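A closer look at the structure
Listed here are the chains, written in short residue letters.
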Amino acid sequence: MSAMYMLIAFSLIIATGFVIAFIWAINSGQYDDKYTPSVRILFDDEPKSENVNPSKKNIEKKEDVALLKNEQQK
Amino acid sequence: MFMETVETLQKLLCEHCGEDCIDDSIQSEEKLFCCNGCKAVYELLHEAGMESYYSTDVESPGVSLKEYKFQDYSYLDHPEIATKVLDFSDAKNAIVTFKTPQIHCASCVWLLENISRLNPAISFSQVFFDKREVTIRFDSSRLSLSGLVSLMTKIGYRPDLNLDKVQNPKSESSDRPLYLKIGIAGFAFGNIMLFSLPEYLSGNEGVDSQFLTLFGTLNIILALPVFFYSSLDFFIPALKSIRNRFWSMDIAISLGIIAMFFRSLYEIYAGLSVGYMDSFTMLVFLLLVGRLFQKKTYDQLSFERDYKSYFPLAVTRLSKSGLEESVAATLIDTNDILVIRNGELIPADSTLLDSIASLDYSFVTGEADPIQCSKGQLCYAGGRNLGTSVLFRAERPVSASYLTRLWNHDVFAKHESSSIQSISQRFSRYFSPIILGIATIAALFWLPTDTSLALNAFTAVLIVACPCALALSAPFTLGWITNLLSRNKIYLKNGEVAEKLADINTIVFDKTGTLTSRSTGEVVYMGRELSSDEIAMLHSVLHENTHPHGRAFYAWLKSNFPNKTRFQIKNYKEVIGNGVESICNGRLVRIGTAGWVGVANIDPKVIPHPRLYFSFDDQIPGYVEIRNSLRVGVQELIKNLLIRFKLFVLSGDNSRDKDRLSPLFSEEVLLFNKSPEEKLNMIQKLKTQGYHIAMIGDGLNDAGALKASDVGISISDDTVSFTPASDIIMDATSLTKLNQILDFTKDGVKIIYASFVISILYNIIGLAFAVTGTLSPIICAIIMPISSITIIAFTTLATHLSARRRELW
């Protein structure tokens, strides 16, 4: 029966992981805009883009904006 | 011969915005455009290599720039205004969020998110589609705020900049806490269910005692965040209603939650069972989902606008040295000299300094025809200048003007007072005390024989009577009603509005813009037959005219005499208050008032409807009369409504349309020449007489009446444009469905009552177990989900069936 205890522990750890992921997703604003991302994903990357890795650069920018907004709120 | 070739031509559509092109004179790279604005955008995008805009979503995604007028945005660089418009700024970067109602498709998102390619100073932009907002970060040392706004205006996305933006810092309401609460409750519910199942399935012998303690402890740990965080949504309102000495549904729910939680603690501690934690968390989860469902909001719409959203952010002022400068509208002082250009609004009550001006007050006062003002006349704020730019002298600051004084009235001061209680509120006033009563009686009954059984029965009643299904009835019914109505372009502020609408017995209409259409007048031509050349000449001269009568005449010509020929026009001249003249096809064409064209003995004050005369050289073939046309289907709607409702018409316009309305309405309910205050007072008077009123209007002059009525419905020709504060925003095309909508909301109330009956039946079954003290966790865990699912299924089905029957779905 000791296997049960282990399994229960595992299941709780995994479930808690999902809850934490969910809380993080909410707090990082992923549920604020539920429409635009569905459109955005369909845009083609421009072939003649100068940026080496445009997608990565974009992410940095988005974090920047979130950061700046947070600073302002404080 | 010539006409034939014209007719065989295909319809010419603008490459940018997809609207009809009048001819093929505006071209770029073999692409056709309807106006130079559209062409400019195309060339701009083409140069930047951004043709993807035209292939991302719809065929021609652009916003038409026909109405585009250059505006001076330099006032935005004034630090005082800039700080209020910007979200954030430091030495290098600035972040700004604009409301751009023109956003309508994926191409818009693409263009605005790639706007940095049009100006390298922009480093980042992100669109929030549901809110029709775009957030832009730019280098403020290389690009000014006014430059950014100009760029956006140039590509067709003019940001919504008005007084509101400066005076009210935006308040962000977020759904985040609700999502968090639902997520946590759902997580706890799922896991607790797993730990409770072994006991339910183990039959009579029960689970091993060591597992019982383990599962029980885990259940408590999992339920704690639900009790202390997710349930706050019920505890806080319950406390509030206790303080206000009022029985609300939240009290019954909170009692049930508390009873379940503490009884479970006791049972787990005593080693009796794993408790009711599964029912408890499921209850909280389902109720919160119900709240989310009812809360569906329309981010792109605003139900709280006042005059500040209508007036511009800044105006042009003539400084003492005679230079034009942009100032914030709030800073206008008495005796300032203002320059009001074509299409701009007068921001404050002012005296006209130029000799004549033509002002359109239709939105502000309800008067359908433009007003001619002469020198020295006091003009009220809110008029739109239809002529060339004129000078005014401000008499009062913006906040003290005739129009804005309306918002000082009491009805705007007090907050939403729920004079009509919602059905659930009325119901719970009896429900909660009755449940507490039954619980006490059950406890008292068992007290002499068995104290633990008495406590058992008391908590069991509270648990099983917890109005889960009951509390879901109204949110799901009202949520579905809101949802189904929004598919018909009728947007409710919240679910309670649907309940109030079901209670209406009187409907008050505004005339201009509501019963009649604001844009299209009915045009009647009186005179001899016109030759095709003459029609072409009228076409050519009227093409550039901006006066509403001229536009109505032009629209009528276009639809009745389709004609692609255009003559060159020379010496075009527009005289405010009179008309236009031009030399066209070698003849002098004049269009305008009787006096302007040369018809004597016609007093414009005597004729019932405005007329436009026209002449070729000195020959006058006739005139057109422009009547306000009723919206399509209004006549039939009124006839149907009259059977069940009392109807009134409150118009700010004069009584010349009386003849057209009197066949529909009786004499004493047609009220004309009403000022905004009189409209408001009229509604309040009717309310004291016991009428439940729905006011339907569209202009700023209806704002007071909309607010004072039980349900304020504002009509809008396109749902992006300005609407005064109201409970419902309705697309004008849906006005004819008003009868069905009212029926539908009445059905909704019946559905709520029916689901009350169903959930009460479940409650009675549960109570039978409870009062005898035999309620076990497993019975609780079965009754609760079944009753909730029955209610959700029933309300969903019933609302959809009703919508189908009312032809709304």
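All values reported here derive from a predicted model rather than from experimental measurement. (Residues numbered from 1 in each chain as written. Chains lettered and ligands numbered in written order. Predicted model: local features only at pLDDT ≥ 70, side-chain atom pairs only at ≥ 80, totals over all residues. Heavy atoms only, no water.)

Observations concerning the overall build of chain B
Along chain B, the regular secondary structure elements total 28 helices and 28 strands. Scored against the burial criterion, the 809 residues of chain B give a buried share of 54%. With the model as given, the accessible surface of chain B reaches about 35000 Å², and the carbon-plus-sulfur share is 55%. One way to put it: in chain B the 75 positive side-chain charges average out to a point 4 Å from where the 85 negative ones average out. (Helix = DSSP H or I, 4+ residues; strand = E, 2+ residues; numbered from the N terminus. Buried < 20%, exposed > 50% of the residue type's maximum accessible area, 1.4 Å probe, protein only. Areas by Shrake-Rupley, 256 points an atom, 1.4 Å probe, with all protein chains shown as cover. Lys, Arg positive; Asp, Glu negative; His and termini not counted. Charge placed at Lys NZ, Arg CZ, Asp CG, Glu CD.)

Section: the overall build of chain A
Regarding its fold elements, chain A presents three helices and zero strands. Sequence-ordered secondary structure for chain A, helices as α and strands as β, is α-α-α. Expressed as a percentage of its 74 residues, the buried residues of chain A come to 20%.

Re the domain arrangement of chain B
Residues and elements named next belong to chain B. Parsing chain B into structural domains produces domain 1 (2–49), domain 2 (74–161), domain 3 (176–297 + 425–473 + 747–805), domain 4 (310–408), domain 5 (478–516 + 631–745) and domain 6 (517–629). Contact residues are listed per partner, giving twelve residues for domain 3 and eleven residues for domain 5. Summing the contributions of domain 3 and of domain 5, the shared interface buries around 1200 Å²; its carbon and sulfur component is 64%. A per-residue breakdown of the area domain 3 buries against domain 5 is headed by Phe293, Gln294 and His800, which together make up 38% of the total. Linking domain 3 with domain 5 are zero salt bridges. The tally of links between domain 3 and domain 5 comes to eight residue pairs in polar contact (both at pLDDT 80 or more). Sorting elements by how many residues they give to the side of domain 3 that touches domain 5 places helix H28 (residues 777–805) first, with six residues. When its residues are assigned to classes, the side of domain 3 that touches domain 5 shows four nonpolar, seven polar and one charged. (Domains from an automatic or database assignment. Contact = heavy atoms within 4.5 Å. Buried area = accessible area lost by both parts, 1.4 Å probe. Salt bridge = Lys/Arg side-chain N within 4 Å of Asp/Glu carboxyl O. Polar contact = N/O pair within 3.5 Å; in protein donor to acceptor, adjacent residues only side chain to side chain. Nonpolar A, V, L, I, M, F, W, Y, C, P; charged D, E, K, R; others polar.)

What about the sheet that holds strand S17 (residues 506–510) of chain B?
Residues and elements named next belong to chain B. An order of S16-S28-S27-S26-S17-S24-S25 is seen for the seven strands of this open sheet, with the pairing classed as mixed. Each edge of the sheet is formed by a strand with only one pairing partner; in this case those strands are strand S16 (490–492) and strand S25 (670–671). Bridge count between S17 and strand S24 (residues 646–650): five bridges; the pairing is parallel. Residue pairing in the sheet places Phe509 in a bridge with Val649 of S24. (Pairing = 2+ DSSP bridges.)

Let's talk about the packing of aromatic side chains
Residue and element names in this part refer to chain B. Enumeration over the complete set of coordinates arrives at 29 aromatic pairs over all chains. Geometrically, the ring pair formed by Phe211 and Phe215 is stacked, given 5.6 Å between the ring centres and 25° between the ring planes. Of this pair, Phe211 and Phe215 both sit in helix H9 (residues 209–230), four residues apart, which is roughly one turn of that helix. The class of Phe215 is buried, set by a relative accessible area of 5%. Relative to Trp556, the ring of Tyr525 lies with its centre 6.4 Å away and its plane at 35°, an arrangement referred to as tilted. Remark: Trp556 occurs in helix H21 (residues 548–560) and Tyr525 occurs in strand S18 (residues 516–527); sequence separation between them is 31 residues. Put simply, the rings of Phe227, Phe228, Phe235, Phe261, Phe262 and Phe280 pair up and form one aromatic cluster. Lys181 extends its terminal NZ or CZ atom over the ring of Tyr229, reaching a point 5.4 Å from the ring centre. Stacked on the ring of Trp596, the Lys or Arg Arg590 has its end atom at 4.1 Å from the ring centre. (Phe/Tyr/Trp six-rings, centres within 6.5 Å; stacked < 30°, edge-to-face > 60°. Lys NZ or Arg CZ within 6 Å of the ring centre and 35° of its normal.)

Here's the deal with the pattern of salt bridges
The final tally for this structure, using the stated rule, is 25 salt bridges over all chains. A salt bridge links A:Arg40 to B:Glu113; the nearest nitrogen and oxygen atoms lie 2.7 Å apart. With one member in each of two chains, A:Arg40 in helix H2 (residues 36–40) and B:Glu113 in helix H5 (residues 106–113) form a pair that bridges those chains. Taking relative accessible area as the criterion, A:Arg40 reaches 18% and is therefore assigned buried. A relative accessible area of 15% means that B:Glu113 is categorised as buried.

Focus: the interface of chain A and chain B
In this assembly, 31 residues from chain A lie in contact with 35 residues from chain B. Taken over both partners, the interface formed by chain A and chain B buries close to 3100 Å², and the fraction arising from carbon and sulfur atoms is 68%. At the boundary of chain A with chain B, the tally comes to two salt bridges. Inspection of the chain A/chain B interface yields seven residue pairs in polar contact (both at pLDDT 80 or more).

Here we look at the confidence of the model for chain A
Residue and element names in this part refer to chain A. When pLDDT is averaged along chain A, the result is 72, and 59% of the positions lie at 70 or above. When mean pLDDT is compared element by element in chain A, helix H1 (residues 2–27) scores highest at 92, while helix H3 (residues 54–73) scores lowest at 50. The low-confidence segment residues 49–61, where pLDDT is below 50, has five contacts with residues more than four positions distant or belonging to other chains. (pLDDT = per-residue confidence, 0-100.)

Some details on the pairing of strand S4 (residues 93–99) of chain B
The side chains of a regular strand alternate, first on one face of the sheet and then on the other. All names here are of chain B. Of all seven residues that make up S4, six are buried, and the element is covered over most of its length. By the bridge criterion, three bridges tie strand S3 (residues 86–89) to S4 in an arrangement that is antiparallel. Note that in S4 the partner of Ser89 across the bridge is Ala94. Between S3 and S4, which pair antiparallel and follow one another directly, the connecting turn spans three residues. With seven bridges joining them, S4 and strand S6 (residues 133–139) adopt antiparallel strand pairing. Paired with Val96 across the two strands is Ile136, which belongs to S6.

Here's the deal with a nonpolar patch on the surface
On the surface, A:Met6, A:Leu7, A:Phe10 and A:Ile13 cluster together into a nonpolar patch covering about 450 Å² of accessible area. Residue class for A:Ile13 comes out exposed when judged on its relative accessible area of 58%. (Patch = residues over 30% accessible without salt bridge, like charges linked within 9 Å, V, L, I, M, F, W, Y side chains within 5 Å.)

Comments concerning the pairing of strand S11 (residues 356–360) of chain B
Residues and elements named next belong to chain B. Across four bridges, the pairing between S11 and strand S12 (residues 371–374) is antiparallel. Following the sheet pairing, Ala357 is matched in S12 by Cys373. Bridge count for S11 against strand S14 (residues 384–385) is two bridges, and the pairing is antiparallel. Directly across from Asp360, in S14, lies its bridge partner Arg384.

Quick notes on the packing of helix H12 (residues 277–294) of chain B against H28(B)
All names here are of chain B. Following both chains from N to C, one finds H12 and H28 inclined at 15°, their axes separated by 9 Å at the closest point. One finds that H12 runs roughly parallel with respect to H28. Note that H12 runs across H28; the crossing there is left-handed. Contacts between H12 and H28 pair Asp278, Ser279, Met282, Leu283 and Leu286 from the former with Pro777, Cys780, Ala781, Met784, Pro785 and Ser788 from the latter. By residue class, the composition of the contact of H12 with H28 is eight nonpolar, two polar and one charged. (Axes fitted to C-alpha atoms, helices over the stretch in contact; angles between N-to-C directions. Parallel < 35°, antiparallel > 145°, perpendicular 65-115°, else oblique. Left-handed = near helix turned anticlockwise from the far one by under 90°.)

Some points on helix H20 (residues 532–542) of chain B
Residues lying three or four places apart along an α-helix face the same way, a consequence of the helix completing one turn every 3.6 residues. Burial runs high along H20(B): nine of the eleven residues are buried. In the core, the buried residues of H20(B) are packed alongside H21, strand S19 (569–575), strand S20 (579–584), strand S21 (587–592) and strand S22 (611–616) of chain B.

With respect to a negative patch on the surface
A cluster of acidic residues, B:Glu29, B:Glu30, B:Glu43, B:Glu47 and B:Glu51, forms a negative patch at the surface. Within the secondary structure, B:Glu47 sits in helix H2 (residues 36–47).

A short note on the sheet that holds S11(B)
Either a parallel or an antiparallel arrangement is found when strands of a sheet pair, and the pairing is made through backbone hydrogen bonds. Reading across the sheet, the three strands line up as S12-S11-S14 (chain B) and stay open at both edges, with antiparallel pairing between neighbours. Edge strands, defined here as strands with exactly one partner in the open sheet, are S12 and S14 of chain B.

Details of the nonpolar core
Residue and element names in this part refer to chain B. With 162 residues, the main nonpolar core has Phe280, Ile507, Phe509, Phe665 and Leu738 as its most contacted residues. Beyond its immediate chain neighbours, meaning those up to four positions away, Phe509 contacts Thr514, Leu515, Ile638, Leu641, Leu647, Phe648, Val649, Leu650, Phe665, Met695, Ile696 and Leu738. Judged by nonpolar contacts, the second largest core, of 59 residues, contains Ile81, Ala106, Cys108 and Leu151. (Core = buried A, V, L, I, M, F, W, Y, C linked by side-chain atoms within 4.5 Å.)

Examining the confidence of the model for chain B
Caution is warranted with low-pLDDT regions, since their predicted coordinates should not be read in detail. Chain-level pLDDT for chain B is 83 on average; 93% of the residues reach the 70-or-more range. With pLDDT under 50 throughout, residues 1–9 of chain B is counted as low confidence; its partners more than four residues away or in other chains account for two contacts.

Some thoughts on the environment of B:Arg656
Residue and element names in this part refer to chain B. Inspection of the secondary structure assignment puts Arg656 in the loop between S24 and helix H24 (658–661). Placed 48 residues apart in sequence, Arg656 and Pro608 show a C-alpha to C-alpha distance of 5.8 Å. Setting aside anything within four residues of it in sequence, one finds Arg656 in contact with Ala368, Asp369, Pro608, His609, Pro610 and Asn628.

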